Amino acid sequence: MFDRISVNPQVMGGKLCVKGTRVAVYMVLELLENDLSFDDIINNYYPQLTKEDIIACIEYARTIVEEEEVHFASELVKS
C-alpha cells in the first residue's frame, strides 16, 4: 500500500517522502489543507509527482490516524 512512500535519514532529515523525490508527505498534505487541487500541486509545485503519489500521502495520513489510540486524561483518573 505504501510503496510510494519512503524514509531515508539522508533525505529531508529522515522525513517521510514520496519515493524517489525530496517531497515530504507533510508538504503535500499542507498544500491539500490549503485547498489546492491535485492538478495545482502537480502543475505549480511538484511536477515530479503523480496523482497516485498524492493519494498515497493521503492514505498514509489516514492510516496513521485510524490506527492511533487516544486516551483522555479523564479516563486515567480513578475516583
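For the structure given in this document, a descriptive report is provided here. Computed from a predicted structure; not experimentally measured. (Residues numbered from 1 in each chain as written. Predicted model: local features only at pLDDT ≥ 70, side-chain atom pairs only at ≥ 80, totals over all residues. Heavy atoms only, no water.)

## Topic: the packing of aromatic side chains
Link 1 in the chain: Tallying each qualifying case throughout the model produces two aromatic pairs.
Link 2 in the chain: Taking 5.2 Å as the distance between ring centres and 75° as the angle between the ring planes, the aromatic pair formed by Phe2 and Tyr60 counts as edge-to-face. In this pair, Phe2 is assigned in the segment before strand 1 (5-6) and Tyr60 in helix 3 (residues 51-67), connecting sequence segments 58 residues apart.
Link 3 in the chain: Centre to centre, the rings of Tyr45 and Tyr46 are 6.5 Å apart; their planes meet at 45°, and the pair counts as tilted. (Phe/Tyr/Trp six-rings, centres within 6.5 Å; stacked < 30°, edge-to-face > 60°. Helix = DSSP H or I, 4+ residues; strand = E, 2+ residues; numbered from the N terminus.)

## Brief notes about unusual backbone geometry
Link 1 in the chain: Look at Met12: it is not a glycine, yet its phi comes out positive at around 55°.
Link 2 in the chain: Within the fold, Met12 resides in the loop between strand 1 and strand 2 (17-18).
Link 3 in the chain: Looking at Met12, the relative accessible area reads 27%, which means it is partly exposed. (Buried < 20%, exposed > 50% of the residue type's maximum accessible area, 1.4 Å probe, protein only.)

## Remarks on the pattern of salt bridges
Link 1 in the chain: All chains considered together, the criterion is met by three salt bridges.
Link 2 in the chain: Between Asp53 and Arg4 there is a salt bridge, with its nearest N and O atoms 2.9 Å apart. Of the two residues, Asp53 sits in helix 3 while Arg4 sits in the segment before strand 1, which places them 49 residues apart along the sequence.
Link 3 in the chain: As a salt-bridge pair, Asp39 and Lys51 come within 3.4 Å of each other at their nearest N and O atoms. (Salt bridge = Lys/Arg side-chain N within 4 Å of Asp/Glu carboxyl O.)

## Brief notes about the environment of Leu31
Link 1 in the chain: Position of Leu31 among the secondary structure elements: in helix 1 (residues 25-33).
Link 2 in the chain: Residues Leu31 and Ile41, spaced 10 residues apart in sequence, show a C-alpha to C-alpha distance of 7.1 Å.
Link 3 in the chain: Apart from residues lying up to four places away in sequence, Leu31 is in contact with Leu36, Ile41, Tyr45 and Tyr46. (Contact = heavy atoms within 4.5 Å.)

## A few points about the packing of helix 1 against helix 3
Helix packing geometry: the angle between the two helix axes and the distance between the axes.
Link 1 in the chain: Two elements in contact, helix 1 and helix 3, have axes whose closest approach is 9 Å; the angle formed by their N-to-C orientations is 95°. By the criterion of interaxial angle, the relationship of helix 1 to helix 3 is roughly perpendicular. The segment helix 1 lies against helix 3, with Val25, Val28, Leu29 and Leu32 engaging Ile54, Cys57, Ile58 and Ala61.
Link 2 in the chain: Partitioning the contact of helix 1 with helix 3 into residue classes produces eight nonpolar, no polar and no charged. (Axes fitted to C-alpha atoms, helices over the stretch in contact; angles between N-to-C directions. Parallel < 35°, antiparallel > 145°, perpendicular 65-115°, else oblique. Nonpolar A, V, L, I, M, F, W, Y, C, P; charged D, E, K, R; others polar.)

Worth remembering: the numbers are spatial, not functional.
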